[in-house]
Amino acid sequence: MRLLVLGGTHFLGRHVVTSALERGHDVATFTRGVSGEPPEGARALHGDRDDPDALPAALDGWAPELVVDTSCQSRPAATNAAAVLADVAGYAFVSSLNAYRTWPPGPIGPEDDEPTWETDEDEYGQNKAAAERILGEALGDRFLTARAGLIIGPHDPLYRLGWWLDRIARGGLVVVPAHLDQPIAVVDARDLADWLVAMAEQGQGGAVNATGPAGMTTLGGLLDVCREVTDGDAEWVPIPDTELLAAGVQEWVHLPLWLADETARTAWDVDTSRARELGLPSRPVRDSVADTWAWMQDSGRPEPRPGRPLPGLPPELEDQLLAG
Ligand SMILES: NC(=O)c1ccc[n+]([C@@H]2O[C@H](COP(=O)([O-])OP(=O)(O)OC[C@H]3O[C@@H](n4cnc5c(N)ncnc54)[C@H](OP(=O)(O)O)[C@@H]3O)[C@@H](O)[C@H]2O)c1
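Residues numbered from 1 in each chain as written. Predicted model: local features only at pLDDT ≥ 70, side-chain atom pairs only at ≥ 80, totals over all residues. Heavy atoms only, no water.

Draft legend 1. Quick look at the domain arrangement of the chain. Here the chain is described as being made up of domain 1 (2-151 + 187-210) and domain 2 (157-184 + 218-260 + 285-323). Measuring from the centre of the C-alpha atoms in domain 1 to the corresponding centre in domain 2 gives 30 Å. Domain 1 puts four residues into the contact, and the matching count from domain 2 is eight residues. The junction of domain 1 with domain 2 conceals about 430 Å² of combined surface from both sides, 66% of it contributed by carbon and sulfur atoms. Counting the contacts that link domain 1 with domain 2 gives one salt bridge. Between Asp-291 and Arg-190 there is a salt bridge, with its nearest N and O atoms 2.8 Å apart. Taken together, the connections running from domain 1 to domain 2 amount to two residue pairs in polar contact (both at pLDDT 80 or more). (Domains from an automatic or database assignment. Contact = heavy atoms within 4.5 Å. Buried area = accessible area lost by both parts, 1.4 Å probe. Salt bridge = Lys/Arg side-chain N within 4 Å of Asp/Glu carboxyl O. Polar contact = N/O pair within 3.5 Å; in protein donor to acceptor, adjacent residues only side chain to side chain.)

Draft legend 2. A look at the UniProt feature "domain: NAD-dependent epimerase/dehydratase" (unreviewed entry) in the chain. The feature "domain: NAD-dependent epimerase/dehydratase" (unreviewed entry), as annotated in UniProt, sits at residues 4-209 in this numbering. Along residues 4-209 one finds 33% helix and 23% strand; the C-alpha atoms at either end are 23 Å apart. (UniProt positions renumbered as here; feature names shortened; annotations may be inferred. Helix = DSSP H or I, 4+ residues; strand = E, 2+ residues; numbered from the N terminus.)

Draft legend 3. Molecular detail of the packing of helix α7 (residues 219-230) against helix α11 (residues 285-299). The N-to-C vectors of α7 and α11 enclose an angle of 45 degrees; their axes lie 9 Å apart at closest approach. When the axis of α7 is compared with that of α11, the two are oblique. Viewed along their axes, α7 and α11 form a crossing whose handedness is right-handed. Facing α7, whose interface residues are Leu-222, Val-225, Cys-226, Glu-228, Val-229 and Thr-230, α11 presents Val-285, Arg-286, Val-289, Ala-290 and Trp-293. (Axes fitted to C-alpha atoms, helices over the stretch in contact; angles between N-to-C directions. Parallel < 35°, antiparallel > 145°, perpendicular 65-115°, else oblique. Left-handed = near helix turned anticlockwise from the far one by under 90°.)

Draft legend 4. Summary view of the environment of Pro-256. Within the element layout of this structure, Pro-256 appears in the loop between α8 (241-246) and α9 (261-267). Residue class for Pro-256 comes out buried when judged on its relative accessible area of 0%. Contact partners of Pro-256, with chain neighbours within four places excluded, come to Arg-160, Trp-163, Trp-164, Pro-311 and Gly-312. (Buried < 20%, exposed > 50% of the residue type's maximum accessible area, 1.4 Å probe, protein only.)

Draft legend 5. Representation of helix α3 (residues 75-85). Those residues of α3 that sit buried are Ala-77, Ala-78, Asn-80, Ala-81, Ala-82 and Leu-85. On its buried side, α3 packs onto β1 (2-6), α2 (54-59), β4 (66-69), β5 (90-96) and α4 (124-139). Looking at where α3 begins, the residue whose side-chain oxygen comes 3.1 Å from the main-chain nitrogen of Ala-77 is Ser-74.

Here it is, written out as structure tokens:
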């Protein structure tokens, strides 16, 4: 079928394109064309989805039958897509757990029991929730919104898992949070991508918490896998949350994937029963980490952008923490 990917050149969208091509679809991507091109085999259409005229002009008679939307970050982007694509047979949208008013810190129960944002702020979660409503009204039960949790895998430009892999590969004493038993859940971009395409094909509707099963691993388990995969000699130096926070270590930013323990205990407690019922796979964490590391050997590292430094522990802060 003619499958349009809104997005498709970075990370999740790139895997969606690959999956859709493998499943025999005629695939087009729609992006501004500023951050690269999609995988070979897809037709690359260009335009800014915040501009109401851009998508109709780019489609130019090529009528999508299915849509996977990985790039929506604004209300106009949703309104413009709804105006042009409301007749497709299936529309799978990538939202976020941030669409929930109560996440973080969570916990998050079954999708229909949890409130999503209904305010006008131009913020990430609020925009995702508004976009879900705009597109949901236009498409009805042919609209599926995947409220994604932490996505990992090859082509990840965010350098969260990537930072840990690099730091652990360098070896020596590595600052880690003392609560290594705190839970964490991830979804591999390739699993999510395959599943999004399948959901669009089936015209499946509704909201789905799209992440790995609660309790699938711990932060310590994930870091141990990073050490195995990089074959390093890193030695953990566990530091309590109170000391990390007092030293100015920012959760998620300086120690990527770390949340202070109290938040972590609920934030990763997400009901994914519906995702499991609908067949969202969850490959072994080791496979995701090993494949990410293999990809990093070939791809170099993301460049920090103005106002968007890469995550990771600044060396001077690391020295200070290791000195005790
Ligand atoms: N990473 C996570 O852990 C996580 C967690 C929860 C949810 N999510 C969501 O998952 C999705 C995955 O993003 P991704 O980066 O992996 O997807 P992607 O589709 O691989 O990359 C984003 C695409 O959006 C395009 N784009 C950006 N602004 C645009 C605009 N104004 N008009 C048209 N195209 C535009 C970019 O191309 P150009 O720059 O060339 O336009 C790029 O192709 C996002 O919606 C994100 O909010 C991610």
